[in-house]
Amino acid sequence: MLYRFITSGYTDALAYISALSAALWIFAAWQYASLMPGYLAAVPPAYGLVVAAFAGALLICKYICLEGNAEAISQLNAEKSMLEAFVKGRDLALSEMKHKSAALNSEISVLRNKIVVLEENSPDKQLTELRTKLRAAEEDKKSALSVLVKSLLARINVLMVIKDPQLLFSADVLRQEVGLVENELKRGDLTYYELCLKMVDISAKINELNEINLFSAFEQTEKPDSVAETWLHFIQTNDSSDPAAVERAFKFFKVAFHPDKFTSESQKVEATRYFQHSVNAYNSVKRMENAVP
(Lines give C-alpha, C1' and ligand atoms only; values in the text may rest on other atoms or scores of the structure.)
Protein backbone atom coordinates (compact mmCIF):
# COMPACT_ATOMS: atom_id res chain seq x y z
CA MET A 1 0.00 0.00 0.00
CA LEU A 2 2.77 2.47 0.98
CA TYR A 3 4.79 1.42 -2.09
CA ARG A 4 1.84 2.07 -4.37
CA PHE A 5 1.32 5.52 -2.73
CA ILE A 6 5.00 6.43 -3.05
CA THR A 7 5.15 5.43 -6.70
CA SER A 8 1.89 7.21 -7.55
CA GLY A 9 1.43 10.81 -8.79
CA TYR A 10 0.32 12.04 -5.35
CA THR A 11 3.93 12.10 -4.18
CA ASP A 12 4.85 14.63 -6.87
CA ALA A 13 1.83 16.80 -6.06
CA LEU A 14 2.51 16.62 -2.33
CA ALA A 15 6.18 17.51 -2.76
CA TYR A 16 5.44 20.48 -5.03
CA ILE A 17 2.51 21.75 -2.95
CA SER A 18 4.39 21.40 0.36
CA ALA A 19 7.44 23.17 -1.07
CA LEU A 20 5.28 26.00 -2.44
CA SER A 21 3.30 26.27 0.79
CA ALA A 22 6.50 26.35 2.91
CA ALA A 23 7.92 29.09 0.68
CA LEU A 24 4.76 31.19 0.92
CA TRP A 25 4.61 30.56 4.64
CA ILE A 26 8.20 31.74 5.15
CA PHE A 27 7.65 34.75 2.88
CA ALA A 28 4.43 35.71 4.72
CA ALA A 29 6.05 35.22 8.13
CA TRP A 30 8.97 37.38 7.10
CA GLN A 31 7.07 40.20 5.36
CA TYR A 32 3.66 40.16 7.01
CA ALA A 33 4.25 38.75 10.49
CA SER A 34 2.24 41.62 12.08
CA LEU A 35 -0.74 40.92 9.92
CA MET A 36 -0.88 37.19 10.58
CA PRO A 37 -3.29 35.82 13.16
CA GLY A 38 -1.81 34.97 16.52
CA TYR A 39 -2.17 31.23 16.28
CA LEU A 40 -0.35 31.24 12.93
CA ALA A 41 2.31 33.62 14.05
CA ALA A 42 3.00 31.35 17.03
CA VAL A 43 3.80 28.44 14.70
CA PRO A 44 7.35 28.67 13.37
CA PRO A 45 7.85 28.35 9.53
CA ALA A 46 10.31 25.52 10.20
CA TYR A 47 7.38 23.12 10.37
CA GLY A 48 6.59 23.92 6.76
CA LEU A 49 10.19 23.16 5.86
CA VAL A 50 9.97 19.83 7.69
CA VAL A 51 6.78 18.91 5.83
CA ALA A 52 8.32 20.03 2.48
CA ALA A 53 11.50 18.05 3.26
CA PHE A 54 9.42 14.97 4.08
CA ALA A 55 7.45 15.31 0.84
CA GLY A 56 10.74 15.77 -1.07
CA ALA A 57 12.13 12.67 0.59
CA LEU A 58 9.05 10.78 -0.55
CA LEU A 59 9.63 12.11 -4.06
CA ILE A 60 13.27 10.97 -3.99
CA CYS A 61 12.17 7.53 -2.75
CA LYS A 62 9.71 7.39 -5.61
CA TYR A 63 12.40 7.88 -8.24
CA ILE A 64 14.72 5.50 -6.44
CA CYS A 65 11.97 2.88 -6.50
CA LEU A 66 11.19 3.62 -10.15
CA GLU A 67 14.85 3.29 -11.09
CA GLY A 68 15.06 0.03 -9.15
CA ASN A 69 11.94 -1.20 -10.93
CA ALA A 70 13.42 -0.23 -14.30
CA GLU A 71 16.60 -2.13 -13.53
CA ALA A 72 14.61 -5.14 -12.30
CA ILE A 73 12.49 -4.98 -15.46
CA SER A 74 15.65 -4.77 -17.57
CA GLN A 75 17.06 -7.82 -15.81
CA LEU A 76 13.78 -9.64 -16.25
CA ASN A 77 13.74 -8.75 -19.95
CA ALA A 78 17.31 -10.02 -20.30
CA GLU A 79 16.40 -13.22 -18.50
CA LYS A 80 13.30 -13.50 -20.66
CA SER A 81 15.43 -13.09 -23.79
CA MET A 82 17.79 -15.76 -22.48
CA LEU A 83 14.89 -18.04 -21.72
CA GLU A 84 13.41 -17.43 -25.18
CA ALA A 85 16.78 -18.23 -26.79
CA PHE A 86 17.04 -21.32 -24.60
CA VAL A 87 13.53 -22.39 -25.56
CA LYS A 88 14.28 -21.82 -29.26
CA GLY A 89 17.50 -23.81 -28.93
CA ARG A 90 15.62 -26.55 -27.12
CA ASP A 91 12.94 -26.58 -29.85
CA LEU A 92 15.64 -26.82 -32.53
CA ALA A 93 17.35 -29.61 -30.62
CA LEU A 94 14.00 -31.37 -30.19
CA SER A 95 13.32 -31.04 -33.92
CA GLU A 96 16.77 -32.45 -34.73
CA MET A 97 16.20 -35.28 -32.26
CA LYS A 98 12.86 -36.03 -33.92
CA HIS A 99 14.57 -36.19 -37.34
CA LYS A 100 17.31 -38.40 -35.89
CA SER A 101 14.68 -40.59 -34.21
CA ALA A 102 12.81 -40.98 -37.52
CA ALA A 103 16.08 -41.86 -39.27
CA LEU A 104 16.95 -44.36 -36.51
CA ASN A 105 13.48 -45.91 -36.73
CA SER A 106 13.90 -46.28 -40.48
CA GLU A 107 17.34 -47.83 -40.00
CA ILE A 108 15.96 -50.14 -37.30
CA SER A 109 13.20 -51.24 -39.69
CA VAL A 110 15.78 -51.98 -42.40
CA LEU A 111 17.94 -53.88 -39.91
CA ARG A 112 14.94 -55.89 -38.74
CA ASN A 113 14.18 -56.84 -42.34
CA LYS A 114 17.81 -57.86 -42.79
CA ILE A 115 17.63 -59.90 -39.59
CA VAL A 116 14.51 -61.66 -40.88
CA VAL A 117 16.30 -62.40 -44.18
CA LEU A 118 19.39 -63.61 -42.30
CA GLU A 119 17.25 -65.81 -40.07
CA GLU A 120 15.58 -67.28 -43.15
CA ASN A 121 19.01 -67.87 -44.70
CA SER A 122 20.84 -68.61 -41.48
CA PRO A 123 23.73 -71.08 -41.55
CA ASP A 124 21.81 -73.46 -39.29
CA LYS A 125 18.83 -73.46 -41.64
CA GLN A 126 21.08 -73.85 -44.68
CA LEU A 127 22.92 -76.71 -42.95
CA THR A 128 19.59 -78.34 -42.15
CA GLU A 129 18.51 -78.05 -45.79
CA LEU A 130 21.87 -79.38 -46.95
CA ARG A 131 21.63 -82.30 -44.52
CA THR A 132 18.13 -83.02 -45.84
CA LYS A 133 19.38 -82.93 -49.43
CA LEU A 134 22.37 -85.11 -48.53
CA ARG A 135 20.13 -87.63 -46.83
CA ALA A 136 17.83 -87.62 -49.86
CA ALA A 137 20.85 -88.08 -52.16
CA GLU A 138 22.13 -90.91 -49.96
CA GLU A 139 18.73 -92.59 -50.08
CA ASP A 140 18.62 -92.18 -53.87
CA LYS A 141 22.08 -93.71 -54.22
CA LYS A 142 21.15 -96.59 -51.94
CA SER A 143 17.93 -97.13 -53.88
CA ALA A 144 19.80 -97.09 -57.20
CA LEU A 145 22.42 -99.53 -55.95
CA SER A 146 19.68 -101.74 -54.50
CA VAL A 147 18.07 -101.87 -57.94
CA LEU A 148 21.42 -102.85 -59.46
CA VAL A 149 21.87 -105.55 -56.84
CA LYS A 150 18.42 -106.97 -57.63
CA SER A 151 19.26 -106.85 -61.34
CA LEU A 152 22.47 -108.82 -60.71
CA LEU A 153 20.59 -111.36 -58.61
CA ALA A 154 17.99 -111.76 -61.38
CA ARG A 155 20.74 -112.41 -63.94
CA ILE A 156 22.42 -114.92 -61.61
CA ASN A 157 19.10 -116.71 -61.00
CA VAL A 158 18.89 -117.27 -64.75
CA LEU A 159 22.28 -118.99 -64.56
CA MET A 160 21.20 -121.25 -61.69
CA VAL A 161 19.42 -123.59 -64.17
CA ILE A 162 22.76 -124.50 -65.77
CA LYS A 163 23.48 -128.25 -65.75
CA ASP A 164 27.26 -127.92 -65.73
CA PRO A 165 28.36 -128.28 -62.04
CA GLN A 166 31.38 -126.02 -62.46
CA LEU A 167 29.34 -123.23 -64.06
CA LEU A 168 26.64 -123.72 -61.42
CA PHE A 169 29.27 -123.48 -58.67
CA SER A 170 30.62 -120.26 -60.24
CA ALA A 171 27.09 -118.83 -60.44
CA ASP A 172 26.54 -119.66 -56.76
CA VAL A 173 29.81 -117.95 -55.86
CA LEU A 174 28.67 -114.86 -57.75
CA ARG A 175 25.34 -114.97 -55.94
CA GLN A 176 27.19 -115.02 -52.61
CA GLU A 177 29.33 -112.08 -53.74
CA VAL A 178 26.19 -110.13 -54.59
CA GLY A 179 24.89 -110.97 -51.10
CA LEU A 180 28.10 -109.58 -49.59
CA VAL A 181 27.75 -106.41 -51.65
CA GLU A 182 24.16 -106.05 -50.47
CA ASN A 183 25.29 -106.38 -46.85
CA GLU A 184 28.03 -103.80 -47.39
CA LEU A 185 25.42 -101.48 -48.88
CA LYS A 186 23.26 -101.84 -45.78
CA ARG A 187 26.18 -101.29 -43.39
CA GLY A 188 27.49 -98.30 -45.30
CA ASP A 189 31.16 -99.02 -44.58
CA LEU A 190 32.26 -98.87 -48.21
CA THR A 191 31.93 -95.89 -50.51
CA TYR A 192 29.48 -95.95 -53.38
CA TYR A 193 32.40 -95.91 -55.81
CA GLU A 194 33.83 -99.09 -54.29
CA LEU A 195 30.41 -100.75 -54.36
CA CYS A 196 29.97 -99.78 -58.01
CA LEU A 197 33.36 -101.29 -58.86
CA LYS A 198 32.36 -104.53 -57.15
CA MET A 199 29.05 -104.60 -59.06
CA VAL A 200 30.79 -103.91 -62.38
CA ASP A 201 33.22 -106.75 -61.68
CA ILE A 202 30.36 -109.13 -60.81
CA SER A 203 28.48 -108.06 -63.95
CA ALA A 204 31.55 -108.79 -66.08
CA LYS A 205 31.87 -112.21 -64.49
CA ILE A 206 28.18 -112.90 -65.20
CA ASN A 207 28.76 -111.98 -68.84
CA GLU A 208 31.72 -114.34 -68.96
CA LEU A 209 29.62 -117.16 -67.51
CA ASN A 210 26.91 -116.46 -70.09
CA GLU A 211 29.46 -116.62 -72.91
CA ILE A 212 31.00 -119.85 -71.53
CA ASN A 213 27.54 -121.38 -71.19
CA LEU A 214 26.65 -120.29 -74.70
CA PHE A 215 29.85 -121.72 -76.16
CA SER A 216 29.34 -125.04 -74.35
CA ALA A 217 25.75 -125.18 -75.59
CA PHE A 218 26.94 -124.44 -79.12
CA GLU A 219 29.50 -127.28 -79.00
CA GLN A 220 26.78 -129.74 -78.03
CA THR A 221 24.46 -128.79 -80.91
CA GLU A 222 24.51 -130.69 -84.21
CA LYS A 223 22.09 -128.74 -86.37
CA PRO A 224 23.43 -125.66 -88.14
CA ASP A 225 20.12 -123.86 -87.71
CA SER A 226 20.52 -124.12 -83.92
CA VAL A 227 23.25 -121.44 -84.07
CA ALA A 228 20.63 -118.75 -84.57
CA GLU A 229 18.56 -120.18 -81.71
CA THR A 230 21.59 -120.28 -79.46
CA TRP A 231 22.51 -116.76 -80.46
CA LEU A 232 19.00 -115.49 -79.73
CA HIS A 233 19.04 -117.34 -76.38
CA PHE A 234 22.32 -115.59 -75.57
CA ILE A 235 20.78 -112.20 -76.35
CA GLN A 236 17.73 -112.96 -74.17
CA THR A 237 19.97 -114.11 -71.34
CA ASN A 238 21.99 -110.89 -71.54
CA ASP A 239 18.88 -108.67 -71.73
CA SER A 240 18.04 -108.09 -75.41
CA SER A 241 16.87 -104.56 -74.58
CA ASP A 242 20.49 -103.58 -74.00
CA PRO A 243 22.14 -102.55 -77.33
CA ALA A 244 25.57 -103.07 -75.79
CA ALA A 245 24.69 -106.73 -75.02
CA VAL A 246 23.57 -107.28 -78.61
CA GLU A 247 26.77 -105.81 -80.00
CA ARG A 248 28.87 -107.79 -77.54
CA ALA A 249 27.18 -111.05 -78.54
CA PHE A 250 27.57 -110.34 -82.24
CA LYS A 251 31.25 -109.52 -81.72
CA PHE A 252 31.69 -112.82 -79.87
CA PHE A 253 30.19 -114.86 -82.72
CA LYS A 254 32.12 -112.97 -85.38
CA VAL A 255 35.37 -113.71 -83.62
CA ALA A 256 34.45 -117.31 -82.75
CA PHE A 257 33.36 -118.30 -86.31
CA HIS A 258 35.48 -116.08 -88.49
CA PRO A 259 36.76 -118.29 -91.38
CA ASP A 260 40.28 -116.90 -91.22
CA LYS A 261 40.80 -118.55 -87.83
CA PHE A 262 40.65 -122.06 -89.33
CA THR A 263 43.36 -123.76 -91.46
CA SER A 264 41.56 -126.59 -93.22
CA GLU A 265 39.10 -125.91 -96.00
CA SER A 266 36.38 -128.07 -94.43
CA GLN A 267 36.58 -126.11 -91.18
CA LYS A 268 36.52 -122.84 -93.10
CA VAL A 269 33.37 -123.89 -94.95
CA GLU A 270 31.64 -124.90 -91.73
CA ALA A 271 32.81 -121.73 -89.94
CA THR A 272 31.57 -119.64 -92.87
CA ARG A 273 28.15 -121.23 -92.53
CA TYR A 274 28.06 -120.54 -88.79
CA PHE A 275 29.36 -117.04 -89.36
CA GLN A 276 26.55 -116.40 -91.85
CA HIS A 277 24.00 -117.78 -89.37
CA SER A 278 25.33 -115.29 -86.78
CA VAL A 279 24.99 -112.39 -89.22
CA ASN A 280 21.44 -113.49 -90.08
CA ALA A 281 20.52 -113.77 -86.37
CA TYR A 282 21.99 -110.32 -85.70
CA ASN A 283 20.01 -108.84 -88.59
CA SER A 284 16.88 -110.58 -87.29
CA VAL A 285 17.29 -108.97 -83.87
CA LYS A 286 17.83 -105.58 -85.49
CA ARG A 287 14.70 -105.97 -87.60
CA MET A 288 12.69 -106.85 -84.45
CA GLU A 289 14.03 -103.75 -82.74
CA ASN A 290 13.10 -101.55 -85.69
CA ALA A 291 9.65 -103.12 -85.87
CA VAL A 292 8.86 -102.15 -82.25
CA PRO A 293 6.96 -98.81 -82.31
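Refer to the preceding data block for the structure.
Since we're looking at a predicted model, the values are computed, not measured.

Student: Would you mind going over the nonpolar core with me for this structure?
Tutor: Across soluble globular proteins, nonpolar side chains show a tendency to be buried alongside one another. Counting residues in hydrophobic clusters, the biggest one holds 18 residues, and the most contacted among them are Ile202 and Ile206. Mapped onto this core, the elements with two or more residues apiece are helix H5 (123-159), helix H6 (165-187) and helix H7 (192-220). One finds Val246, Phe250, Val279 and Tyr282 within the second-largest nonpolar core, a separate group that totals 5 residues.

Student: Help me understand helix H4 (residues 46-120), please; the structure alone is not making it clear to me.
Tutor: In an α-helix, one turn spans 3.6 residues, which is why side chains three or four residues apart end up on the same side. Taking 1.5 Å per residue, 75 residues should reach 111 Å; H4 reaches 107 Å between its end C-alpha atoms and fits that length. Regarding H4, the residues found buried are Gly48, Ala52, Ala55, Leu58, Leu59 and Lys62.

Student: Mind showing me how you'd approach the pattern of salt bridges here?
Tutor: All chains considered together, the criterion is met by 4 salt bridges. Note that aspartate 172 is salt-bridged to arginine 175, the shortest N-O span being 2.4 Å. On the criterion of helical spacing, the pair formed by aspartate 172 and arginine 175 is a turn pair, its members being 3 residues apart in helix H6. When its relative accessible area of 34% is taken as the criterion, arginine 175 is described as partly exposed. In this structure, the salt-bridge partner of aspartate 201 is lysine 205, at a minimum N-O distance of 3.3 Å. In this pair, aspartate 201 and lysine 205 both sit in helix H7, 4 residues apart, roughly one turn of the helix. By relative accessible area, aspartate 201 is classed as partly exposed at 39%. On the basis of relative accessible area, lysine 205 is assigned to the partly exposed category, the value being 30%.

Calculation criteria
- Residues numbered from 1 in each chain as written.
- Predicted model: local features only at pLDDT ≥ 70, side-chain atom pairs only at ≥ 80, totals over all residues.
- Heavy atoms only, no water.
- Core = buried A, V, L, I, M, F, W, Y, C linked by side-chain atoms within 4.5 Å.
- Buried < 20%, exposed > 50% of the residue type's maximum accessible area, 1.4 Å probe, protein only.
- Helix = DSSP H or I, 4+ residues; strand = E, 2+ residues; numbered from the N terminus.
- Expected span 1.5 Å × (residues − 1).
- Salt bridge = Lys/Arg side-chain N within 4 Å of Asp/Glu carboxyl O.

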